[in-house]
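# Structural features, examined
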Amino acid sequence: MAVPTTAVGTRPVAALDATDRARLLSGAHHDPHALLGAHPVPGGVVFRVLRPYAEAVAVVVDGRRTELRGVGDGLFSGVLPLDRIPEYVLSVTYAGHAYEVHDPYRFLPALGEVDLHLIGEGRHEELWRALGAHPLTHQGVTGTRFTVWAPNAQGVRVCGDFCHWDGTAYPMRSLGSSGVWELFLPGMGEGTPYKFDITRPDGTHTMRADPMARRTEVPPATASIVTESSHVWTDEEWMAGRGARPVHEAPLSVYEVHLPSWRPGLTYRQLAEQLPAYVRDLGFTHVELMPVAEHPFGGSWGYQVTGFYAPTARLGTPDDFKHLVDALHRAGIGVLMDWVPAHFPRDAWALAEFDGRPLYEHADPQRAAHPDWGTLE
(Lines give C-alpha, C1' and ligand atoms only; values in the text may rest on other atoms or scores of the structure.)
Protein backbone atom coordinates (compact mmCIF):
# COMPACT_ATOMS: atom_id res chain seq x y z
CA MET A 1 0.00 0.00 0.00
CA ALA A 2 1.40 3.41 -0.91
CA VAL A 3 2.35 5.77 1.90
CA PRO A 4 0.09 8.88 1.96
CA THR A 5 2.03 11.91 0.80
CA THR A 6 1.41 15.61 1.18
CA ALA A 7 3.49 18.59 0.13
CA VAL A 8 4.46 21.50 2.30
CA GLY A 9 2.99 23.65 -0.42
CA THR A 10 2.36 27.28 0.46
CA ARG A 11 2.93 26.97 4.20
CA PRO A 12 5.65 29.44 5.23
CA VAL A 13 9.11 27.97 5.60
CA ALA A 14 11.00 29.33 8.61
CA ALA A 15 14.17 30.68 6.98
CA LEU A 16 17.57 30.41 8.59
CA ASP A 17 19.40 33.56 9.56
CA ALA A 18 21.94 34.29 6.80
CA THR A 19 24.89 34.15 9.20
CA ASP A 20 23.75 30.86 10.72
CA ARG A 21 23.23 29.41 7.27
CA ALA A 22 26.69 30.43 6.10
CA ARG A 23 28.36 29.06 9.22
CA LEU A 24 26.42 25.80 8.95
CA LEU A 25 27.31 25.22 5.31
CA SER A 26 30.97 26.11 5.83
CA GLY A 27 31.32 23.71 8.76
CA ALA A 28 31.90 26.49 11.28
CA HIS A 29 28.74 26.34 13.41
CA HIS A 30 29.13 25.32 17.06
CA ASP A 31 25.50 24.18 17.49
CA PRO A 32 24.00 22.63 14.33
CA HIS A 33 21.32 20.92 16.46
CA ALA A 34 19.81 24.36 17.10
CA LEU A 35 19.27 24.79 13.35
CA LEU A 36 18.65 21.28 12.03
CA GLY A 37 16.05 18.77 13.18
CA ALA A 38 12.58 19.73 14.47
CA HIS A 39 11.82 22.93 16.39
CA PRO A 40 8.60 24.63 17.53
CA VAL A 41 7.80 27.83 15.66
CA PRO A 42 4.66 30.01 15.45
CA GLY A 43 2.11 27.97 13.54
CA GLY A 44 3.63 24.54 14.06
CA VAL A 45 6.95 22.68 13.94
CA VAL A 46 9.71 23.45 11.48
CA PHE A 47 11.77 20.56 10.12
CA ARG A 48 15.18 21.33 8.63
CA VAL A 49 17.44 18.77 6.98
CA LEU A 50 20.87 19.15 5.35
CA ARG A 51 21.49 16.48 2.70
CA PRO A 52 23.62 17.97 -0.10
CA TYR A 53 23.23 15.11 -2.60
CA ALA A 54 19.56 14.32 -2.00
CA GLU A 55 16.94 14.72 -4.72
CA ALA A 56 14.13 14.98 -2.18
CA VAL A 57 13.55 14.78 1.57
CA ALA A 58 10.29 14.02 3.38
CA VAL A 59 9.26 13.74 7.02
CA VAL A 60 7.35 10.58 7.96
CA VAL A 61 5.07 10.88 11.01
CA ASP A 62 2.75 7.99 11.95
CA GLY A 63 3.21 6.54 8.47
CA ARG A 64 2.26 9.80 6.73
CA ARG A 65 4.91 11.28 4.46
CA THR A 66 5.24 15.05 4.02
CA GLU A 67 7.63 16.42 1.41
CA LEU A 68 9.96 19.22 2.48
CA ARG A 69 10.89 22.06 0.20
CA GLY A 70 14.40 22.39 -1.15
CA VAL A 71 15.82 25.79 -0.19
CA GLY A 72 19.24 25.46 -1.84
CA ASP A 73 22.68 24.15 -0.91
CA GLY A 74 21.26 20.77 0.12
CA LEU A 75 18.91 22.26 2.73
CA PHE A 76 15.30 21.11 2.94
CA SER A 77 12.72 22.76 5.16
CA GLY A 78 9.03 22.94 5.94
CA VAL A 79 6.56 23.79 8.68
CA LEU A 80 3.96 21.20 9.71
CA PRO A 81 0.84 22.31 11.63
CA LEU A 82 1.64 20.37 14.80
CA ASP A 83 1.36 21.38 18.45
CA ARG A 84 4.43 19.39 19.54
CA ILE A 85 7.50 17.73 18.09
CA PRO A 86 6.48 14.20 17.07
CA GLU A 87 8.36 10.95 16.71
CA TYR A 88 9.48 10.95 13.09
CA VAL A 89 11.91 9.55 10.55
CA LEU A 90 13.24 11.03 7.34
CA SER A 91 12.73 9.68 3.85
CA VAL A 92 15.71 10.76 1.76
CA THR A 93 15.80 10.13 -1.99
CA TYR A 94 19.05 9.54 -3.86
CA ALA A 95 19.15 8.60 -7.54
CA GLY A 96 15.45 7.77 -7.53
CA HIS A 97 15.58 5.52 -4.44
CA ALA A 98 14.07 6.60 -1.13
CA TYR A 99 15.62 5.49 2.17
CA GLU A 100 14.04 5.90 5.59
CA VAL A 101 16.57 7.02 8.21
CA HIS A 102 16.56 8.51 11.68
CA ASP A 103 17.45 12.20 11.88
CA PRO A 104 20.75 12.65 13.80
CA TYR A 105 19.59 16.09 14.89
CA ARG A 106 16.66 14.89 16.98
CA PHE A 107 18.90 13.23 19.58
CA LEU A 108 20.14 14.63 22.87
CA PRO A 109 23.89 14.53 23.61
CA ALA A 110 25.08 10.98 24.21
CA LEU A 111 27.97 12.01 26.48
CA GLY A 112 27.28 12.68 30.15
CA GLU A 113 27.97 15.73 32.32
CA VAL A 114 30.39 13.82 34.55
CA ASP A 115 32.54 12.91 31.54
CA LEU A 116 32.55 16.52 30.35
CA HIS A 117 33.40 17.82 33.81
CA LEU A 118 36.35 15.45 34.17
CA ILE A 119 37.59 16.19 30.66
CA GLY A 120 37.37 19.92 31.38
CA GLU A 121 39.46 19.48 34.52
CA GLY A 122 42.00 17.30 32.69
CA ARG A 123 41.54 14.36 35.03
CA HIS A 124 39.37 11.91 33.15
CA GLU A 125 41.05 8.55 33.72
CA GLU A 126 39.13 6.54 31.10
CA LEU A 127 39.15 8.83 28.08
CA TRP A 128 38.90 5.88 25.71
CA ARG A 129 35.35 5.37 27.00
CA ALA A 130 34.33 8.99 26.52
CA LEU A 131 36.06 9.98 23.28
CA GLY A 132 36.27 8.29 19.90
CA ALA A 133 33.60 6.25 18.11
CA HIS A 134 31.37 4.04 20.26
CA PRO A 135 28.50 1.88 18.96
CA LEU A 136 25.58 2.10 21.38
CA THR A 137 21.82 2.36 21.72
CA HIS A 138 20.71 5.94 22.37
CA GLN A 139 17.10 6.94 22.95
CA GLY A 140 16.08 3.48 21.76
CA VAL A 141 18.00 3.68 18.47
CA THR A 142 21.23 1.86 17.59
CA GLY A 143 24.09 3.82 16.09
CA THR A 144 27.50 5.27 16.90
CA ARG A 145 28.42 8.19 19.14
CA PHE A 146 31.30 10.20 17.69
CA THR A 147 33.20 12.48 20.06
CA VAL A 148 36.47 14.35 19.59
CA TRP A 149 38.45 16.91 21.59
CA ALA A 150 39.21 19.92 19.37
CA PRO A 151 39.05 23.04 21.56
CA ASN A 152 40.46 25.42 18.94
CA ALA A 153 38.16 24.36 16.09
CA GLN A 154 35.44 26.61 14.69
CA GLY A 155 33.52 23.47 13.76
CA VAL A 156 33.89 19.72 13.30
CA ARG A 157 32.06 17.33 10.95
CA VAL A 158 32.04 13.53 10.64
CA CYS A 159 32.70 12.05 7.24
CA GLY A 160 33.29 8.63 5.73
CA ASP A 161 32.23 6.21 3.03
CA PHE A 162 28.63 6.79 4.10
CA CYS A 163 28.76 10.38 2.74
CA HIS A 164 31.46 10.00 0.06
CA TRP A 165 33.92 11.69 2.45
CA ASP A 166 31.99 14.95 2.32
CA GLY A 167 31.03 15.84 5.90
CA THR A 168 28.68 18.71 4.99
CA ALA A 169 25.60 16.77 6.14
CA TYR A 170 27.04 15.75 9.52
CA PRO A 171 28.24 18.75 11.55
CA MET A 172 28.94 18.01 15.22
CA ARG A 173 27.90 20.14 18.20
CA SER A 174 30.24 21.75 20.68
CA LEU A 175 29.60 20.58 24.25
CA GLY A 176 30.28 23.83 26.08
CA SER A 177 33.71 24.83 27.32
CA SER A 178 35.00 21.25 27.40
CA GLY A 179 36.39 21.49 23.87
CA VAL A 180 34.52 18.26 23.01
CA TRP A 181 32.41 17.90 19.85
CA GLU A 182 29.71 15.22 19.64
CA LEU A 183 27.29 13.63 17.18
CA PHE A 184 25.22 10.45 17.38
CA LEU A 185 24.75 8.88 13.95
CA PRO A 186 21.90 6.36 13.85
CA GLY A 187 22.54 3.19 11.88
CA MET A 188 26.33 3.50 11.90
CA GLY A 189 28.19 0.56 13.38
CA GLU A 190 31.04 -1.92 13.24
CA GLY A 191 33.38 -1.54 10.28
CA THR A 192 32.46 2.03 9.28
CA PRO A 193 35.52 4.04 8.13
CA TYR A 194 35.50 7.67 9.25
CA LYS A 195 37.50 10.84 9.84
CA PHE A 196 36.84 14.29 11.29
CA ASP A 197 36.63 17.32 9.00
CA ILE A 198 37.90 20.13 11.23
CA THR A 199 37.43 23.84 10.51
CA ARG A 200 40.54 25.55 11.82
CA PRO A 201 40.53 28.96 13.55
CA ASP A 202 41.49 30.60 10.22
CA GLY A 203 38.53 28.98 8.43
CA THR A 204 40.50 26.41 6.46
CA HIS A 205 39.71 22.69 6.68
CA THR A 206 41.77 19.67 7.65
CA MET A 207 40.72 16.01 7.50
CA ARG A 208 41.94 14.06 10.53
CA ALA A 209 41.96 10.50 11.80
CA ASP A 210 40.49 9.99 15.27
CA PRO A 211 43.18 10.29 18.01
CA MET A 212 41.11 7.90 20.16
CA ALA A 213 40.32 5.37 17.42
CA ARG A 214 40.49 1.75 18.55
CA ARG A 215 40.79 0.44 14.99
CA THR A 216 42.32 1.83 11.81
CA GLU A 217 42.64 1.00 8.15
CA VAL A 218 45.73 -0.93 7.07
CA PRO A 219 48.56 1.54 6.31
CA PRO A 220 49.17 3.36 4.08
CA ALA A 221 45.40 4.00 4.26
CA THR A 222 44.70 6.36 7.15
CA ALA A 223 41.01 6.32 8.10
CA SER A 224 39.75 5.30 11.52
CA ILE A 225 37.20 2.48 11.76
CA VAL A 226 34.26 2.06 14.11
CA THR A 227 34.76 -1.13 16.09
CA GLU A 228 32.85 -3.13 18.67
CA SER A 229 34.57 -6.02 20.39
CA SER A 230 33.01 -9.48 20.41
CA HIS A 231 36.02 -11.23 21.94
CA VAL A 232 35.28 -13.48 24.92
CA TRP A 233 38.28 -13.76 27.24
CA THR A 234 39.33 -17.21 28.40
CA ASP A 235 42.31 -16.26 30.59
CA GLU A 236 40.48 -16.34 33.94
CA GLU A 237 43.06 -18.66 35.51
CA TRP A 238 45.95 -16.40 34.58
CA MET A 239 44.19 -13.24 35.73
CA ALA A 240 43.19 -14.82 39.05
CA GLY A 241 46.68 -16.08 39.82
CA ARG A 242 48.97 -13.36 38.54
CA GLY A 243 48.97 -11.49 41.85
CA ALA A 244 49.18 -14.52 44.11
CA ARG A 245 52.95 -14.24 44.53
CA PRO A 246 54.77 -10.96 45.26
CA VAL A 247 56.47 -9.69 42.13
CA HIS A 248 59.87 -9.33 43.81
CA GLU A 249 59.75 -13.01 44.83
CA ALA A 250 58.64 -14.39 41.47
CA PRO A 251 60.94 -15.38 38.57
CA LEU A 252 61.05 -12.88 35.73
CA SER A 253 62.55 -13.55 32.31
CA VAL A 254 61.33 -11.38 29.44
CA TYR A 255 61.39 -12.19 25.71
CA GLU A 256 61.22 -8.95 23.69
CA VAL A 257 59.57 -9.31 20.30
CA HIS A 258 58.62 -7.14 17.34
CA LEU A 259 55.55 -8.95 16.06
CA PRO A 260 55.67 -7.98 12.35
CA SER A 261 59.25 -9.18 11.97
CA TRP A 262 59.37 -12.14 14.38
CA ARG A 263 58.07 -14.44 11.67
CA PRO A 264 57.15 -12.05 8.87
CA GLY A 265 53.73 -12.46 7.30
CA LEU A 266 51.95 -13.92 10.32
CA THR A 267 48.73 -12.37 11.57
CA TYR A 268 47.84 -11.93 15.24
CA ARG A 269 45.86 -15.16 15.13
CA GLN A 270 48.67 -17.06 13.45
CA LEU A 271 51.12 -15.69 16.00
CA ALA A 272 48.80 -17.00 18.71
CA GLU A 273 49.40 -20.52 17.37
CA GLN A 274 53.21 -20.25 17.46
CA LEU A 275 54.49 -17.57 19.84
CA PRO A 276 53.14 -18.84 23.23
CA ALA A 277 54.70 -22.31 22.90
CA TYR A 278 57.98 -20.88 21.58
CA VAL A 279 58.32 -18.48 24.51
CA ARG A 280 57.29 -21.06 27.09
CA ASP A 281 59.67 -23.72 25.75
CA LEU A 282 62.58 -21.28 26.03
CA GLY A 283 61.75 -20.72 29.68
CA PHE A 284 60.59 -17.12 29.52
CA THR A 285 57.88 -15.91 31.92
CA HIS A 286 56.84 -12.84 29.90
CA VAL A 287 56.88 -11.34 26.44
CA GLU A 288 57.51 -7.65 25.90
CA LEU A 289 55.80 -6.48 22.73
CA MET A 290 57.59 -3.71 20.95
CA PRO A 291 55.07 -0.96 20.14
CA VAL A 292 51.92 -2.30 18.51
CA ALA A 293 50.01 1.01 18.51
CA GLU A 294 49.19 2.14 14.97
CA HIS A 295 51.95 3.96 13.11
CA PRO A 296 52.25 5.08 9.48
CA PHE A 297 55.85 4.02 8.77
CA GLY A 298 56.58 0.33 9.35
CA GLY A 299 60.31 1.02 9.40
CA SER A 300 59.90 2.91 12.67
CA TRP A 301 59.05 -0.40 14.36
CA GLY A 302 56.16 1.35 16.04
CA TYR A 303 58.15 4.09 17.74
CA GLN A 304 56.38 6.91 15.84
CA VAL A 305 52.75 6.50 16.85
CA THR A 306 49.64 8.06 15.35
CA GLY A 307 46.97 5.84 16.96
CA PHE A 308 47.76 5.20 20.62
CA TYR A 309 44.60 3.18 21.26
CA ALA A 310 44.59 1.02 18.11
CA PRO A 311 46.76 -2.08 17.63
CA THR A 312 48.29 -1.93 14.17
CA ALA A 313 45.93 -3.17 11.50
CA ARG A 314 48.85 -4.71 9.57
CA LEU A 315 48.36 -7.95 11.53
CA GLY A 316 44.58 -7.96 12.01
CA THR A 317 41.73 -6.45 14.01
CA PRO A 318 41.66 -5.41 17.68
CA ASP A 319 39.84 -8.65 18.51
CA ASP A 320 42.58 -10.59 16.70
CA PHE A 321 45.13 -8.87 18.95
CA LYS A 322 43.06 -9.74 22.03
CA HIS A 323 43.09 -13.36 20.84
CA LEU A 324 46.91 -13.30 20.84
CA VAL A 325 47.10 -11.85 24.37
CA ASP A 326 44.51 -14.40 25.50
CA ALA A 327 46.59 -17.26 24.08
CA LEU A 328 49.75 -16.02 25.79
CA HIS A 329 47.95 -15.78 29.13
CA ARG A 330 46.53 -19.27 28.77
CA ALA A 331 50.08 -20.51 28.22
CA GLY A 332 51.14 -18.86 31.47
CA ILE A 333 53.00 -16.03 29.72
CA GLY A 334 52.63 -12.47 30.97
CA VAL A 335 52.41 -9.64 28.43
CA LEU A 336 54.27 -6.33 28.70
CA MET A 337 53.61 -3.65 26.11
CA ASP A 338 55.93 -0.85 25.03
CA TRP A 339 54.10 2.47 24.88
CA VAL A 340 55.68 5.51 23.24
CA PRO A 341 54.09 8.83 24.24
CA ALA A 342 57.35 10.78 23.88
CA HIS A 343 56.89 11.84 20.26
CA PHE A 344 54.73 11.40 17.18
CA PRO A 345 55.12 12.00 13.43
CA ARG A 346 54.06 15.15 11.62
CA ASP A 347 51.60 13.52 9.17
CA ALA A 348 48.96 16.05 8.12
CA TRP A 349 46.09 13.59 8.75
CA ALA A 350 47.12 12.77 12.32
CA LEU A 351 48.06 14.66 15.51
CA ALA A 352 50.21 17.59 14.38
CA GLU A 353 48.36 20.90 14.94
CA PHE A 354 45.28 18.72 15.18
CA ASP A 355 42.64 21.46 15.34
CA GLY A 356 44.69 24.16 13.64
CA ARG A 357 46.91 24.91 16.61
CA PRO A 358 49.39 22.88 18.68
CA LEU A 359 47.27 20.53 20.75
CA TYR A 360 49.23 17.34 21.34
CA GLU A 361 52.65 18.97 20.84
CA HIS A 362 54.25 21.85 22.75
CA ALA A 363 53.11 25.31 21.66
CA ASP A 364 56.72 26.53 21.37
CA PRO A 365 58.07 25.20 18.03
CA GLN A 366 61.58 25.01 19.47
CA ARG A 367 60.39 22.70 22.24
CA ALA A 368 57.90 20.78 20.08
CA ALA A 369 60.43 19.53 17.53
CA HIS A 370 62.47 16.40 18.19
CA PRO A 371 65.71 17.18 16.32
CA ASP A 372 66.90 13.59 16.05
CA TRP A 373 63.71 12.06 14.69
CA GLY A 374 61.94 14.91 12.88
CA THR A 375 58.88 14.27 15.05
CA LEU A 376 56.83 16.37 17.47
CA GLU A 377 56.61 16.07 21.23
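As the structure is a prediction and not an experimental result, all values here were calculated from the model.

The rules behind the values
- Residues numbered from 1 in each chain as written.
- Predicted model: local features only at pLDDT ≥ 70, side-chain atom pairs only at ≥ 80, totals over all residues.
- Heavy atoms only, no water.
- Salt bridge = Lys/Arg side-chain N within 4 Å of Asp/Glu carboxyl O.
- Helix = DSSP H or I, 4+ residues; strand = E, 2+ residues; numbered from the N terminus.
- Buried < 20%, exposed > 50% of the residue type's maximum accessible area, 1.4 Å probe, protein only.
- Pairing = 2+ DSSP bridges.
- Axes fitted to C-alpha atoms, helices over the stretch in contact; angles between N-to-C directions.
- Contact = heavy atoms within 4.5 Å.
- Lys, Arg positive; Asp, Glu negative; His and termini not counted.
- Phe/Tyr/Trp six-rings, centres within 6.5 Å; stacked < 30°, edge-to-face > 60°.
- Expected span 1.5 Å × (residues − 1).
- Core = buried A, V, L, I, M, F, W, Y, C linked by side-chain atoms within 4.5 Å.
- Parallel < 35°, antiparallel > 145°, perpendicular 65-115°, else oblique.
- Nonpolar A, V, L, I, M, F, W, Y, C, P; charged D, E, K, R; others polar.

### A look at the pattern of salt bridges
Counted under the stated rule, the structure contains 13 salt bridges. Between Glu87 and Arg106 there is a salt bridge, and its shortest N-O distance comes to 3.9 Å. With Glu87 in the loop between strand E7 (75–80) and strand E8 (89–94) and Arg106 in the loop between strand E9 (97–101) and helix H2 (113–121), the pair connects residues that are 19 residues apart, well separated along the chain. Since its relative accessible area comes to 61%, Glu87 is described here as exposed. Of the charged contacts, one joins Glu126 and Arg129 as a salt bridge, the two residues approaching to 3.1 Å between their closest N and O atoms. Classification of Glu126 as partly exposed rests on a relative accessible area of 35%.

### Focus: the sheet that holds strand E18 (residues 254–257)
The pairing of strands in a sheet happens through backbone hydrogen bonds and is either parallel or antiparallel. Sheet architecture is open: three strands sit in the order E18-E19-E22, paired in parallel fashion. Unpaired on one side and paired on the other, E18 and strand E22 (334–337) mark the two borders of the sheet. Strand-to-strand, the axes of this sheet are offset by a mean angle of 25°, without reference to chain direction. Where E18 and strand E19 (residues 286–289) come together, four bridges link them in parallel fashion. Bridged to Tyr255 within E19 is Val287. Relative to the sheet, helix H7 (residues 318–330) contacts E19 and E22, its axis offset from that of E22 by approximately 135°.

### Here we look at the side chain of Arg51
With respect to the helices, strands and loops of the structure, Arg51 is situated in the loop between strand E3 (44–50) and strand E4 (56–61). Asp103 is the oppositely charged side chain nearest to the buried, salt-bridge-free Arg51, at an N-O distance of 5.6 Å. Setting aside its immediate chain neighbours within four residues, Arg51 contacts Val57, Gly74, Phe76, Val92, Tyr94, Val101, Pro104, Ala169 and Tyr170.

### Side note on the packing of aromatic side chains
In this structure the tally under the stated criterion is 13 aromatic pairs. Ring geometry for Phe107 versus Phe184: centroids 5.0 Å apart, planes at 65°, classification edge-to-face. Taken together, the residues span a long stretch of sequence, with Phe107 in the loop between E9 and H2 and Phe184 in strand E14 (residues 180–186) at a distance of 77 residues. Accessibility expressed as a relative area gives 1% for Phe184, which makes it buried.

### Here we look at the pairing of strand E10 (residues 132–138)
Across the seven residues that make up E10, a large majority, five, are buried. Count of turn residues in the E10/strand E11 (residues 141–149) antiparallel hairpin: two residues, of which Gln139 carries a positive phi of about 50°.

### Overview of H7
For H7, built from 13 residues, the straight-helix expectation of 18 Å at 1.5 Å per residue is met to within 8% by its first-to-last C-alpha distance of 18 Å. Judged by how many residues are buried, H7 sits mostly within the fold: ten of 13 residues are covered. Within the sequence span of H7, burial applies to Pro318, Asp319, Asp320, Phe321, Leu324, Val325, Asp326, Ala327, Leu328 and His329. Once H7 ends, the next one or two residues include Gly332, with phi positive near 80°.

### Focus: the nonpolar core
Core analysis: the biggest nonpolar cluster contains 30 residues, and Phe146, Val156, Val158, Tyr170, Met172 and Phe196 have the highest contact counts within it. In this structure Tyr170 touches Arg51, Pro104, Tyr105, Val156, Arg157, Val158, Phe162, Cys163, Leu183 and Leu185, once residues within four positions along its chain are discounted. Among the nonpolar cores identified, the runner-up in size contains 21 residues, and Tyr255, Val287, Leu289 and Val292 belong to it.

### Considering the packing of helix H6 (residues 268–281) against H7
Here H6 crosses H7 at 10°, and the two axes come no closer than 8 Å. Of the possible angle classes, the one that applies to H6 and H7 is roughly parallel. Note on element contacts: H7 touches H6 through Asp319, Asp320, Phe321, His323, Leu324, Ala327 and Leu328, opposite Tyr268, Arg269, Leu271, Ala272, Leu275 and Pro276. For the contact of H6 with H7, a count of residues per class yields nine nonpolar, one polar and three charged.

### A few points about unusual backbone geometry
Cis peptide bonds are those with omega within 30 degrees of zero, and the linkage from Pro219 to Pro220 qualifies with 15°. The topology assignment puts Pro220 in the loop between strand E16 (205–208) and strand E17 (224–225). Its identity as a non-glycine residue notwithstanding, His164 has a phi of 55°, on the positive side. Structurally, the position occupied by His164 is in the loop between strand E12 (155–160) and strand E13 (173–174). Despite not being glycine, Trp165 has its phi angle at roughly 60°, a positive value. Counting through the fold element by element, Trp165 comes out in the loop between E12 and E13. Its relative accessible area of 31% is what places Trp165 among the partly exposed residues.

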